[in-house]
Amino acid sequence: MNERKTENYPYRAPKKYPNKDLHGRARIMTLYYKDFKRFQNFYVNVLGWDMIELPVPAGGKKPGSENPSLLIATGPSYETYEGVVPGHMNVIAHHAPEGLPKPMIFMEIHGGRPVAETIENVIAHGGKVVGDEPNDKEGWVTSAHIEDPSGNVIQLWRPGNSRTWEEPETGYDRE
């Protein structure tokens, strides 16, 4: 068998991640739509996604809106639309009548560390902060929008210290 090897990827085994570390975990992707019915028809009928209106306290619009903000399950999920199966990442969708922003990934970062520490690492590796510099806040509200060196926008979310690996959606990783 003729295996091609390179310096950048010498056919190594997949990386072994630290046990029970939520840092870097993609949580949600954000998509945008112009025409709700077409958007809904496509994703429900092509990919089999389940969609509900995003509640107002979570950034949704008034119930029954013609152009709702959506919480979408891409696969088996809990009532909170948190994925049950690895590989299923949920989606939030918002109406964007003027133009469609690029899709964005909502990613979790270390909960017990200052968000500034992660931002320093982003900048050191060629990324940048988009918008205001984040300030650490108590609770589950600290987030920052960054841009990677390729121009992809990612929303980083620093959860409160109460978030643990033992939450229900992580049961598949029990040893």
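Anyway, here's the lowdown on the structure attached to this text. Keep in mind it's a predicted model, so treat the numbers as computed, not measured.

## Side note on the nonpolar core
Moving on, step 1. Membership of the largest hydrophobic core is limited to 11 residues, which are Leu 31, Tyr 33, Phe 36, Phe 39, Tyr 43, Trp 49, Met 51, Leu 70, Ile 72, Val 91 and Ala 93.
Moving on, step 2. Mapped onto this core, the elements with two or more residues apiece are β1 (26-33), α1 (36-47), β3 (70-73) and β4 (90-95).
Moving on, step 3. Top contributing element to this core by residue count: α1, with 3 residues.
Moving on, step 4. If you look at the next biggest cluster of nonpolar residues, it comprises 10 residues, including Val 115, Ile 119, Val 122 and Leu 156.

## Observations concerning the environment of His 145
Moving on, step 1. Its place among the elements puts His 145 in strand β7 (residues 142-147).
Moving on, step 2. On the basis of relative accessibility, which here comes to 29%, the residue His 145 falls in the partly exposed class.
Moving on, step 3. Once the C-alpha coordinates of His 145 and Val 129 are considered, the two residues, 16 residues apart in sequence, prove to be 6.0 Å apart.
Moving on, step 4. Setting aside its immediate chain neighbours within four residues, His 145 contacts Met 104, Lys 128, Val 129, Val 130, Val 153, Ile 154 and Gln 155.

## Some points on helix α2 (residues 115-124)
Moving on, step 1. All buried positions along α2 are accounted for by Val 115, Thr 118, Ile 119 and Val 122. In an axial view of α2, the angular spread of the buried residues amounts to 100°, which keeps them on one side of the axis. In this structure, α2 carries Glu 120 and Ala 124 as exposed residues pointing more than 90 degrees from its buried face.
Moving on, step 2. Each element contacted by the buried residues of α2 is listed here: β6 (128-130), β7 and β8 (153-158).

## Let's talk about the sheet that holds β1
Moving on, step 1. Pairing is mixed in the open sheet, where 8 strands are placed in the order β2-β3-β4-β1-β5-β8-β7-β6. The open sheet has two edge strands with one neighbour each: β2 (50-53) and β6. With direction set aside, neighbouring strand axes in the sheet form an average angle of 30°.
Moving on, step 2. As paired strands, β7 and β8 are joined by 6 bridges and run antiparallel to one another. Across the sheet, Ile 146 pairs through a bridge with Ile 154, a residue of β8.
Moving on, step 3. Here α1 sits on the sheet and contacts β1, β2, β3 and β4; the angle it forms with β1, its principal contact strand, is near 135°.

## Some remarks on the pairing of β1
Moving on, step 1. The sheet contact formed by β1 and strand β5 (residues 104-108) spans 4 bridges and is antiparallel. Pairing of Ala 26 across the sheet is with Met 107, part of β5.
Moving on, step 2. Direction of pairing for β1 relative to β4: parallel, over a ladder of 6 bridges. Of the residues in β4, the one forming a bridge with Leu 31 is Ala 93.

The rules we used
Residues numbered from 1 in each chain as written. Predicted model: local features only at pLDDT ≥ 70, side-chain atom pairs only at ≥ 80, totals over all residues. Heavy atoms only, no water. Core = buried A, V, L, I, M, F, W, Y, C linked by side-chain atoms within 4.5 Å. Buried < 20%, exposed > 50% of the residue type's maximum accessible area, 1.4 Å probe, protein only. Helix = DSSP H or I, 4+ residues; strand = E, 2+ residues; numbered from the N terminus. Contact = heavy atoms within 4.5 Å. Arc of directions from axis to C-beta. Pairing = 2+ DSSP bridges. Axes fitted to C-alpha atoms, helices over the stretch in contact; angles between N-to-C directions.

This is a description of form; function is not addressed.
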